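In case you want the letters, here they are:
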Amino acid sequence: MKKVGVFVCHCGTNIAQTVNCEQLAEAAKTLPGVAYSTEYKYMCSDPGQTMIKKAIEEHNLDRVVVAACSPRMHEATFRKCVNGAGLNPYLLEIANIREQCSWVHSDKTKATAKAEDLIRMAVAKALKNEKLTPSVIPIHKRALVIGGGIAGIQAALDIADTGYQVDLVEREPSIGGKMAQIDKTFPTMDCSACILTPKMVDAAQHPNITIIAYSEVEKVEGYVGNFDVTIRRKATCVDPVKCTGCGLCSQKCPSKTDSEFECNMSQRPAIYSPFPQAIPNKPVIDQEACRYFKTGKCKICQKICASDAVNFEDQDELVTIRYGAIVVATGYSLYDYNQYGEYGYGQYPDVISGLDFERLVNASGPTMGKIKRPSDGQEPKTVVFIKCVGSRDANRGHDYCSRACCMYTAKHATMVRDKIKDSQAVVFYMDIRTPGKNYEEFYLRAVEEYGVTYVRGRVSRIYMESGNLIVQGEDTILGTQILVVADMVVLATAMEAQPDAAEFARKIGITFDQNNFFNEAHPKLRPVETFSAGIYLAGACQGPKDIPDSVAQAGAAAAKVVALLSKDEMATEPIVAEVNTNHCSGCGFCVPVCPYKAISLKTLTERVHGSVAWGPAGKEITRQVAEVNKGLCQGCGACTVNCRSGALDLLGFTNEQILAEVDSL
Amino acid sequence: MTMDNGQWTMDNEMQRQQGTSVRLDSVGKDWDPKILVFACQYCTYAGADLAGLSRLQYPTTTRVIRVPCSGRTNPQFVIRAFQKGFDGVLVAGCHPGDCHFSTGNYFTRRRYLLMTRLMEFVGMDPRRFRVCWISGSEGPKFQQVVTELTDAIRPLGPNHKLRDTELSSLVGGIGR
């Protein structure tokens, strides 16, 4: 015989003013299964909780219903409380008579009647509650960081410093990401390479970090604490152990192609490292550019290599490694401004992107740091900057603001004024957004000290006239059309999600928003977690971010990973789906419904007793049944509704429990 | 609140055809319908809590059952509610695209489009049933939906259509 105790809380006067708590407690006594009922001013307080514990012991209660505030408020409190008295915490039910009753009604009679119903429902459900025990899953103490940009490097370093092993996977031949291409950083004008490359070296030399470069994540299986990740190591055709990184092969390579690192403004050999400070500093062969792979002849690099490291037979290799946690730091890509017809569809060589400009102004870039325009190598005297190209433009680009462009445009304009004598820098803008420490000051310095001209308005057209670029725009403050004869135009193109972001997200099982940026679990309170336990986000893959924000988020993600890995095992929420294999027909309808890939079919071998239609009695038969992986199941219950034979049920919210609530009224 | 004032519904007609004894006329003007709400715990339940925090007043007609996801709400629960004499049922969850479980409310949406058709087919007034999306920040919307639904059901009178007095033998496929 189940014995339910009902505890009605007054919540001071919050409940008591519109609900007659004494009457409730009296009425509860008459409900089926209720053995004890009482009321108290503050049930959540120490005396209140002691009262519940005492009553459980004195009256041998095996179910508890607390009629109080929302379960979202104090369910955890009261679960702990009943657990203290030796009851399984899942034998507790809450009747929400504050948020959903006393606070929203003023008629005391009606509100009390409703509260009575709410208690009746909770009691009915509680009678069907069963003990639930969290299952325990082991935590594999190794972390994977996907993406070797500044966010990934920082996350890997922070995790590794606490003593855990980290693998850092990067799809390019070197880690470093976009930050390696950037010349200087705002607002301090630090040299980007000078602050990044030491971190890259730290990562390479860290005893707990393994850099897996020129590799991509192929498949992720498993769940928090136990991800089995398949990584494709792309064929580099260079044995990393034998290679000394001397670079002779790159010098002698006869095949040349556009250098991605230099934004296609210069050429690189087919066997290459993207940039001199690359880590790992071992070249790879770009098979699409390599003469040997195209024609079957050449092999100069192999002949010249003193350590015999070149191996044309190298093949892609798949490795599967188990990780406890994953940090996704796959970064961003840039909006393709060729879609802007009025800016020349990318036809004018002197209309370039901000990242192109970074390479032009970089001392190790294609022009050795001298700002020369791409068309004829002349030094531009008048440089026009256009902001929000693809950002805040719902028609052709994205609705959102890319956050970093206002600042880097101010930086670029400052550099033009600084590096080119008698130059002019004109910035067309919609708004100026400088929300960061020392950012506004940086922008003001560009205007006041460096004399950058800011024009509020959008550029409607860029066209060529007698060899010059004419930038036509509107000054919306003066209300006039203006024409600027420019030598070069720099477009602040939007940061956007990687082109394969959606595909990648599906592969590893995280969600993404309308712009293909990965979703955080909560925009304010869980900014680095994803909805998939054990997978965290860092950097611009979650949304446009500048370097300080990416680094901060990487640190936060690392802290989450470390907190997870610090445990040997973790308890999972026991509210998960359960299969009754006796009822399961193995139809598999539940498998595609599950958003967490938690359900799979397994083969069951059993001995059949009695005679059955499909075979003689006592025979062993095998049949398919569904199986729920409790580590992956998040307890949404979508499968339970889909199950034709009613074999699937959700613990904590079983069909029986919910129907008991319905039936109680 | 009679059938003469234009409140002619399929439900009423069916009742008359079947000679049900309770007439709408017998229900007083201050009759309150009983509405069962299946609220997803991440959005609508939180939205209902927010309505409370903001002290937004609405009729005492609703009884909320918390479910982890609107996709957990089996259509058989809804049918059972009508069988048990609820006058209206509301299934509410996160807005499409916002589901805590990524896809649960898409199933809800599809399932209950079909459910509404079924209800029409069996002669239930579909106005007694509603599916809507109320996020955790939409306390006022919870208030509005409950108020609207109450006002919509009140002229329809008590639900007799699926009401079953001897329920025990029914709903076999579930809850065993």
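Computed from a predicted structure; not experimentally measured.

**What about the overall build of chain A?**
Next, step 1: When helices and strands are tallied, chain A shows 18 helices and 34 strands.
Next, step 2: When its C-alpha atoms are laid out on the principal axes, chain A stretches across 95 × 70 × 45 Å.
Next, step 3: Summarising the internal contacts of chain A: among those between residues at least 6 apart in sequence, 69% fall at separations of at least 24.
Next, step 4: The positive charge centre, built from 72 side chains, and the negative charge centre, built from 76, are 2 Å apart in chain A.

**Digging into the pairing of strand E1 (residues 35–40) of chain B**
Residue and element names in this part refer to chain B.
Next, step 1: For E1, a buried count of 6 out of 6 residues is recorded, marking the element as mostly surrounded by other parts of the structure.
Next, step 2: Burial along E1 is two-sided: Ile 35, Val 37 and Ala 39 facing one way and Leu 36, Phe 38 and Cys 40 facing the other are all buried.
Next, step 3: Examined bridge by bridge, E1 and strand E3 (residues 88–93) share 5 bridges and lie parallel to one another. Paired with Phe 38 across the strands is Val 91, a residue of E3.
Next, step 4: Crossover E1 to strand E2 (residues 62–67) through helix H2 (residues 44–53) is right-handed.

**Side note on the sheet that holds strand E25 (residues 468–475) of chain A**
Residue and element names in this part refer to chain A.
Next, step 1: The sheet built from 3 strands is open, its strands ordered E24-E25-E26 with antiparallel pairing. Both edges of this open sheet fall to strand E24 (459–465) and strand E26 (480–486), since each of them pairs with a single strand only. Recorded for the sheet is a direction-independent mean angle of 20° between the axes of neighbouring strands.
Next, step 2: Pairing between E25 and E26: 7 bridges, direction antiparallel. Bridging across to E26, Gly 473 finds its partner in Ile 482.

**Quick word on the domain arrangement of chain A**
Next, step 1: When cut into domains, chain A gives domain 1 (4–128), domain 2 (142–331 + 536–565), domain 3 (333–496) and domain 4 (577–664).
Next, step 2: In this structure, domain 3 of chain A and domain 4 of chain A have C-alpha centres spaced 61 Å apart.

**Quick look at the pairing of strand E1 (residues 4–9) of chain A**
Residue and element names in this part refer to chain A.
Next, step 1: For E1, the buried fraction is high: 6 of the 6 residues fall into the buried class.
Next, step 2: Pairing geometry for E1 and strand E2 (residues 34–40), over 6 bridges, is parallel. Residue pairing across strands places Val 4 opposite Val 34, the latter belonging to E2.
Next, step 3: Between E1 and its parallel partner E2, the chain crosses via helix H1 (residues 21–28), and the hand of that crossover is right-handed.
Next, step 4: Relative to strand E3 (residues 63–68), E1 runs parallel, the two sharing 5 bridges. Each residue of the ladder has a partner; that of Val 6, found in E3, is Val 65.

**Focus on the state of the cysteines**
Residue and element names in this part refer to chain A.
Next, step 1: What the rule picks out here adds up to 2 disulfides over all chains.
Next, step 2: With its sulfur 2.4 Å from that of its partner, Cys 191 forms a disulfide with Cys 194. Sign of the S-S torsion, about 85° for the bond between Cys 191 and Cys 194, identifies this disulfide as right-handed.
Next, step 3: Taking the relative accessible area as the measure of exposure, Cys 191 reaches 27% and is therefore partly exposed.
Next, step 4: The thiol of Cys 11 is unpaired, and the distance to the nearest cysteine sulfur, on Cys 9, comes to 5.2 Å.
Next, step 5: This cysteine, Cys 290, is not joined by any disulfide, and Cys 301 carries the nearest cysteine sulfur, 6.1 Å off.

**Quick notes on the interface of chain B and chain A**
Accessible area lost upon the coming together of the parts serves often as the stated size of an interface.
Next, step 1: Counting residues at the interface gives 47 residues for chain B and 46 residues for chain A.
Next, step 2: Buried surface at the junction of chain B and chain A, both sides included, amounts to about 4,100 Å², of which 57% is carbon and sulfur.
Next, step 3: Where chain B meets chain A, there are 6 salt bridges.
Next, step 4: Across the salt bridge formed by Asp 663 of chain A and Arg 80 of chain B, the nearest N and O atoms sit 2.7 Å from each other.
Next, step 5: In terms of residue count, the dominant contributor to the side of chain B that touches chain A is H2 of chain B (7 residues).

**A look at helix H18 (residues 655–663) of chain A**
Next, step 1: With 7 of 9 residues buried, H18 of chain A lies mostly within the body of the structure.
Next, step 2: Looking at the buried positions of H18 of chain A, the neighbouring elements they touch are helix H5 (108–128) and strand E34 (648–650) of chain A together with E1, E2 and helix H3 (75–83) of chain B.

**Brief notes about the sheet that holds E2 of chain A**
Residues and elements named next belong to chain A.
Next, step 1: Read from one edge of the open sheet, 4 strands run E2-E1-E3-E4, paired in parallel fashion. Sheet topology places E2 and strand E4 (92–96) at the edges, where each strand pairs with a single neighbour. Here the strands of the sheet are splayed against their neighbours by 15° on average, with no regard to which way each runs.
Next, step 2: As paired elements, E3 and E4 share 5 bridges and run parallel to each other. Paired with Ala 68 across the bridge in E4 is Asn 96.
Next, step 3: Sheet strands touched by helix H2 (residues 46–59): E1, E2 and E3. Its angle to E2, the strand with the most contacts, is close to 160°.

**Notes on the packing of helix H6 (residues 150–161) of chain A against helix H7 (residues 192–205) of chain A**
Residues and elements named next belong to chain A.
Next, step 1: Close contact between H6 and H7 brings their axes to 10 Å; oriented N to C, the two are set at 45°. Taken together, H6 and H7 sit at an angle that is classed as oblique. Two packed elements cross with a definite hand, and for H6 against H7 that hand is left-handed. Taken together, the residues of H7 that come into contact with H6 (itself represented by Ile 150, Ile 153, Gln 154 and Leu 157) are Leu 196, Lys 199, Met 200, Asp 202 and Ala 203.
Next, step 2: When the residues that make up the contact of H6 with H7 are grouped by side-chain class, the tally is 6 nonpolar, 1 polar and 2 charged.

**What to know about a nonpolar patch on the surface**
Next, step 1: Together, Leu 118, Phe 121 and Val 122 of chain B line one region of the surface with nonpolar side chains, adding up to about 310 Å² of accessible area.
Next, step 2: By the secondary structure assignment, Phe 121 of chain B is in helix H4 (residues 104–122).

**So, the packing of aromatic side chains**
Next, step 1: Using the criterion set out here, one finds 18 aromatic pairs over all chains in the structure.
Next, step 2: An angle of 5° between the planes, with centres 5.0 Å apart, marks the rings of Tyr 340 of chain A and Tyr 343 of chain A as stacked. Exposure class is identical for Tyr 340 of chain A and Tyr 343 of chain A. Each is buried.
Next, step 3: Between the aromatic rings of Phe 357 of chain A and Phe 385 of chain A, the centroid separation amounts to 5.9 Å while the plane-to-plane angle is 75°, which identifies the pairing as edge-to-face. With Phe 357 of chain A in helix H11 (residues 354–361) and Phe 385 of chain A in strand E21 (residues 382–389), this pair connects stretches of sequence that are 28 residues apart. Across the pair, exposure class does not vary: Phe 357 of chain A and Phe 385 of chain A are buried alike.
Next, step 4: Taken together, Tyr 292, Phe 293 and Phe 312 of chain A form an aromatic cluster joined through their ring pairs.
Next, step 5: Lying over the aromatic face of Tyr 272 of chain A, Arg 268 of chain A brings its terminal NZ or CZ to 3.7 Å of the ring centre.
Next, step 6: The lysine or arginine in question, Arg 66 of chain B, covers the ring of Tyr 45 of chain B, its NZ or CZ lying 5.7 Å from the ring centre.

Conventions we followed
Residues numbered from 1 in each chain as written. Chains lettered and ligands numbered in written order. Predicted model: local features only at pLDDT ≥ 70, side-chain atom pairs only at ≥ 80, totals over all residues. Heavy atoms only, no water. Helix = DSSP H or I, 4+ residues; strand = E, 2+ residues; numbered from the N terminus. Contact = heavy atoms within 4.5 Å. Lys, Arg positive; Asp, Glu negative; His and termini not counted. Charge placed at Lys NZ, Arg CZ, Asp CG, Glu CD. Buried < 20%, exposed > 50% of the residue type's maximum accessible area, 1.4 Å probe, protein only. Pairing = 2+ DSSP bridges. Right-handed = clockwise from strand over helix to strand, strands pointing away. Axes fitted to C-alpha atoms, helices over the stretch in contact; angles between N-to-C directions. Domains from an automatic or database assignment. Disulfide = S-S within 2.5 Å. Buried area = accessible area lost by both parts, 1.4 Å probe. Salt bridge = Lys/Arg side-chain N within 4 Å of Asp/Glu carboxyl O. Parallel < 35°, antiparallel > 145°, perpendicular 65-115°, else oblique. Left-handed = near helix turned anticlockwise from the far one by under 90°. Nonpolar A, V, L, I, M, F, W, Y, C, P; charged D, E, K, R; others polar. Patch = residues over 30% accessible without salt bridge, like charges linked within 9 Å, V, L, I, M, F, W, Y side chains within 5 Å. Areas by Shrake-Rupley, 256 points an atom, 1.4 Å probe, with all protein chains shown as cover. Phe/Tyr/Trp six-rings, centres within 6.5 Å; stacked < 30°, edge-to-face > 60°. Lys NZ or Arg CZ within 6 Å of the ring centre and 35° of its normal.

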